[in-house]
Amino acid sequence: MSVYDRLVGKIRREALHFSLVDPDEIGYERAAEFAAAAEDAGTDAILIGGTVGVQGELLDETVKDIKNAVKIPVILFPGDISGISPFADALLYLSLLNSRNPYYISGVQALAAPIVLRWGLEVIPTAYLITEPGGETAAGWVGDARPLPVRKPSITYAYALSARFIGYKFVYLEAGSGAAYPVDDRLVMVARKALGREVPLIVGGGIRDPETAAQKVRAGADVIVTGTALENSADVERTVRSFVEAVKGVERDF
Ligand code: 1GP
């Protein structure tokens, strides 16, 4: 069964938590241990990525180390064409739909496609939408995004609906790693409304505590991604467990 189908099957039962491993931030040598601690704490998948400095042989070795250390899906979350590796289970095939630069909407995907096919890597077409305050984060700056404004939720609604019509398999609302504040609840709510139950909604960026993670699930997120909060933790397993419990503890009304 594909990684995507496994995740969607789980999402029907409960909200999920993904742990972001940015090897450039936490150190390549620590990545596997970090991922194993997150798995022990009940996280549902490991995302490997980062906007700068995550590439090449070091990335390949890190992905292999993480694959050896965990059984849950190991999914690439690339910042550019250099962020892909044949050793992962799947690839978030991201299109940054609200970029000003067509390279991040369709160009890098075309450049990557032939090698991804050769590798036989599972691709998960994902509409990546950067919201405020993501313009101040590395993802927003490098990706030349026009961050979706909090005061105009109708724009997020329109982008999410368009992503559903086009046929993306995930929509990822992103405030940017280390953002000053997370994706606003109103934006999560309108994206959920646009997607119905057809397309799972991932929310990440600036989520620092379990209560905020639970709040985003109540607003309509299916998957919560945390990275910085785990990187800053002295006890990764304990911190991941607190996020997992918060996210899975939310009663969803469907
Ligand atoms: C970034 O959404 C992820 O792409 C996670 O962000 O590092 O702020 O948790 P944080």
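Structure's up top.
Residues numbered from 1 in each chain as written. Predicted model: local features only at pLDDT ≥ 70, side-chain atom pairs only at ≥ 80, totals over all residues. Heavy atoms only, no water.

## Looking at unusual backbone geometry
Now for step 1: Pro 133 follows Glu 132 through a cis peptide bond whose omega is 5°.
Now for step 2: With respect to the helices, strands and loops of the structure, Pro 133 is situated in the loop between β5 (122-130) and α6 (138-142). (Helix = DSSP H or I, 4+ residues; strand = E, 2+ residues; numbered from the N terminus.)

## Describing the packing of aromatic side chains
Now for step 1: In total, this model carries 5 aromatic pairs according to the counting rule given.
Now for step 2: With a centroid separation of 5.2 Å and 5° between ring planes, the pair formed by Phe 77 and Tyr 172 is classed as stacked. Of this pair, Phe 77 sits in strand β3 (residues 74-78) while Tyr 172 sits in strand β6 (residues 170-174), placing them 95 residues apart in sequence. Of the two residues, Phe 77 and Tyr 172, neither departs from the other in class, the shared state being buried.
Now for step 3: Between Lys 169 and the ring centre of Tyr 4, over which it is positioned, the NZ or CZ distance is 4.7 Å.
Now for step 4: Over the aromatic face of Tyr 157 sits the side chain of Lys 193, whose NZ or CZ is 5.4 Å from the ring centroid. (Phe/Tyr/Trp six-rings, centres within 6.5 Å; stacked < 30°, edge-to-face > 60°. Buried < 20%, exposed > 50% of the residue type's maximum accessible area, 1.4 Å probe, protein only. Lys NZ or Arg CZ within 6 Å of the ring centre and 35° of its normal.)

As far as function goes, none of this settles anything; it's purely spatial.
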